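Descriptive structure summary
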Amino acid sequence: MRRICWVMVLIFSVASLSATNYFIAVYGNDNSEGSIDAPFATLNKAQSLVEPGDTVYIRGGVYHIGEKQIMTFEGAYACVFDLQKNGVSLDKRICYFGYKNERPVFDLSQVKPAGKRVTVFHVGGSFLYFKNFEIIGTQVTLTGHTQSECFRNDGGNNNIYEGLAMHDGMAIGFYLIKGAKNLILNCDAYNNYDYVSENGIGGNVDGFGGHPTTEESVGNVFRGCRAWYNSDDGFDLINARAACTIDHCWSFLNGYIPGTMKPAGDGTGFKAGGYGMQEMVRCPEVPPVHRVEYCLAYYNRNKGFYANHHLGGVLFNHNTGYQNPYNFCMLNRKPNREIVNVNGYGHVITNNFSFAPRLAGKHLIDVDVKKCTIENNSFYPQEIKVEAEDFISLDPRELILPRKADGGLPDINFMKLRSDNELFRRGLGY
Ligand code: CA
Ligand code: CA
């Protein structure tokens, strides 16, 4: 009995010893031991050593990444950090965390590999956890149809991306093409504009993209994220073969050259589905039903919430649209896959709020109300008129207030109705 106990103690000791913390710092050295007192210089070095259960802590400061750090070239892409190692379970992940209250920044502005797209974090591994750092300056150098990405989830499952900011670059903030049950939580993508490719219209630079190419890539969730001043769309689910959820996210001022009102790319707040003209074949037999809930779309260049020629229904519940040219657009394609646009069918449109679309009266367009479930919205079945005075605040500067200490969206009054308003009791909107 005693012997068994000793064996157990040994097993548990080894298990607890096996979780190692590595540190990297701007002033570090890859020949160091990687401890807090003797940190590595590069994520590449730390990544080469990590095992499931380990954490890589990134100390504060700006990491000026050079092309020598590019880990892999794969097809069209230069993968700067190519993360293919896996954690093994929800409580034995591999973690890459900005250290405590420090906020490290990876500056990619000097990574311009000839003839290649750039993906900064190429993630094929599963059970990984990225938290609390920023990526700036990601480049596009190609002049044809192309894109770069700050994060590309390419096969990894059960990953968490939390409290990250991807900004002031030419790349998409976050882009998923394959992998299930990934959570993108409390992240910001802003001021991203590609002025080089395709005549500089910035038409591929979305804040967040969920484009799973396999029907198994289910359960991906965007939650608590903000997208603003991205030159194409805020959130984009085009060509998705599996349903995604966008929950409690804010999307505003997309489709403009950052910091201006000059038009750039598509400018949709939430592009919740669809298949491009040549991509109808990508749609599975049963089109995925995306969920867009408790979201806010303000002053995007084009639509606020958009079904984007989807081949089936989308769920829009408890969203708020304000000052988009069209706040809600439900346009579908014919279910038999002819390339013919038809009024939206199969959508569930409930508890939404629309105010002051920039084109008068365009609260909800391109919808076949007999073929959708449309209940308890401010604009349908009955349109209820509200005025600016009915709101506690219409000040959009609230949208970019700093996040709360736990990383959550700031508490704001923007587009919140006064409590004596009739609509207040109905609890509509985000
Ligand atoms: Ca586009
Ligand atoms: Ca787009």
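None of the values given here were measured: they were computed from a predicted structure.

Definitions and limits used
- Each chain carries its own residue numbering, running from 1 in the direction its sequence is written.
- Just so you know, chain letters begin at A and ligand numbers begin at 1, following the order they were written in.
- For this predicted model, a pLDDT threshold of at least 70 governs which residues receive local features, and a threshold of 80 or more governs which side-chain atom pairs are given and counted, while totals over whole chains, interfaces and linings are taken from all residues.
- In computing side-chain values, all of the structure's heavy atoms are included and hydrogens and water are not.
- Two strands qualify as a pair provided DSSP detects at least 2 bridges between them.
- Each helix corresponds to a stretch of at least 4 residues labelled H or I by DSSP, and each strand to a stretch of at least 2 residues labelled E; elements are numbered beginning at the N terminus.
- For helices, the fitted line uses only the C-alpha atoms of the stretch in contact; every axis is such a line through C-alpha atoms, and the angle between N-to-C directions lies from 0 to 180 degrees.
- Any carboxyl oxygen of Asp or Glu that lies within 4 Å of a side-chain nitrogen of Lys or Arg is treated as forming a salt bridge with it.
- Think of it in three bands: residues with accessible area under 20% of the maximum for their type are buried, residues over 50% are exposed, and the middle band is partly exposed, with areas taken using a 1.4 Å probe on protein chains only.
- Nitrogen and oxygen atoms within 3.5 Å of one another constitute a polar contact, given that in protein one can donate a hydrogen and the other can accept it, and given that sequence-neighbouring residues count only through two side-chain atoms.
- The contact criterion used is simple: two residues touch if any of their non-hydrogen atoms lie within 4.5 Å.
- Coordinating donors are taken to be N, O and S atoms lying within 2.8 Å of the metal, or within 3.2 Å when the metal is Na, K or Ca; because water is excluded from the atom set, some sites may appear incomplete.
- For the domains described, the bounds stem from an automatic or database domain assignment.
- Joining two parts hides part of their accessible area as seen by a 1.4 Å probe, and the buried area is that hidden amount summed over both.

**Describing the sheet that holds strand S10 (residues 134-136)**
Spatial ordering of the open sheet is given by S3-S7-S10-S13-S16-S19-S22-S25-S28-S33, a layout of 10 strands whose pairing is parallel. Strands with a single pairing partner mark the edges of an open sheet, and in this sheet they are strand S3 (62-64) and strand S33 (353-355). Taken pair by pair, the neighbouring strands of this sheet meet at an average axis angle of 10 degrees, ignoring direction. Taken together, the 3 bridges between S3 and strand S7 (residues 105-107) define a ladder with parallel strand orientation. Across the sheet, the residue bridging to His-64 is Asp-107, located in S7.

**What about the sheet that holds strand S6 (residues 94-98)?**
The strands making up a sheet associate through backbone hydrogen bonding, with each pair oriented either parallel or antiparallel. Pairing is parallel in the open sheet, where 12 strands are placed in the order S1-S2-S6-S9-S12-S15-S18-S21-S24-S27-S32-S35. Single-partner strands in this sheet number two, and they are strand S1 (21-24) and strand S35 (373-375). For this sheet the average axis-to-axis angle between neighbouring strands, irrespective of direction, equals 10 degrees. Sheet topology places strand S27 (residues 315-317) next to strand S32 (residues 348-350); 3 bridges connect them, and they run parallel. When the bridges of S32 are listed, Phe-316 appears paired with Ile-349.

**Some thoughts on the pattern of salt bridges**
Pairs may arise between side chains of opposite charge once their charged atoms sit close together. Scanning all chains against the criterion turns up 17 salt bridges. In this structure, Glu-162 engages Lys-131 in a salt bridge whose closest nitrogen and oxygen atoms are separated by 4.0 Å. In this pair, Glu-162 is assigned in strand S12 (residues 160-162) and Lys-131 in strand S9 (residues 128-131), connecting sequence segments 31 residues apart. One network of salt bridges, in which partners are shared, links Glu-149, Arg-152 and Asp-154.

**Overview of unusual backbone geometry**
A cis amide bond, omega 5 degrees, links Tyr-380 with the succeeding residue Pro-381. Even without a glycine there, the phi angle at Lys-100 is positive, about 40 degrees. One can find Lys-100 in the loop between S6 and S7. Lys-100 gets classed as exposed once you look at its relative accessible area, which sits at 61%. Although it is not a glycine, Asn-132 sits at a positive phi angle of roughly 65 degrees. Assignment of secondary structure puts Asn-132 in the loop between S9 and S10. Its relative accessible area of 14% is what places Asn-132 among the buried residues.

**Observations concerning the side chain of His-211**
Here His-211 is to be found in the loop between strand S17 (208-210) and strand S18 (220-223). Among the residues examined, His-211 registers a relative accessible area of 6% and is labelled buried. Within the structure, the side chain of His-211 is placed 3.4 Å from the backbone oxygen of Asp-236, a separation counted as a polar contact. Discounting chain neighbours no more than four positions away, the residues touching His-211 are Tyr-175, Leu-176, Ile-177, Asp-236, Leu-237, Ile-238 and Ala-240.

**Things to note about the coordination of the calcium ion (ligand 2)**
Donor atoms from the polypeptide that bind the calcium ion (ligand 2) are Asp-206 (OD), Asp-206 (OD), Asp-232 (OD), Asp-233 (OD) and Asp-236 (OD), placed at 2.3 to 2.7 Å. All donor residues of the calcium ion (ligand 2) come from one chain, and their arrangement in sequence is D-x25-D-D-x2-D. Between the calcium ion (ligand 2) and the calcium ion (ligand 1), both coordinated by Asp-232, there is a metal-metal distance of 3.8 Å.

**Describing the domain arrangement of the chain**
Interface size, as often reported, equals the accessible area lost upon joining of the parts. The assigned domain composition of the chain is domain 1 (20-139) and domain 2 (163-199 + 214-430). Computed over C-alpha atoms only, the centres of domain 1 and domain 2 are separated by 31 Å. Listed by partner, the interface residues are 11 residues for domain 1 and 9 residues for domain 2. Summing both sides of the interface, domain 1 and domain 2 together bury roughly 780 Å²; the carbon and sulfur share of this comes to 52%.

**Section: the pairing of strand S5 (residues 77-83)**
Within a regular strand, the side chains alternate between the two sheet faces. Burial analysis of S5 places 7 of its 7 residues in the buried class, which makes it a mostly covered element. The pairing of strand S4 (residues 72-74) with S5 spans 3 bridges and is classified as antiparallel. Across the sheet, residue Phe-73 finds its bridge partner in S5, namely Ala-78. Pairing analysis gives 6 bridges linking S5 to strand S8 (residues 117-123), with the strands arranged parallel. Its bridge partner being in S8, Asp-82 is matched across the sheet by His-122.

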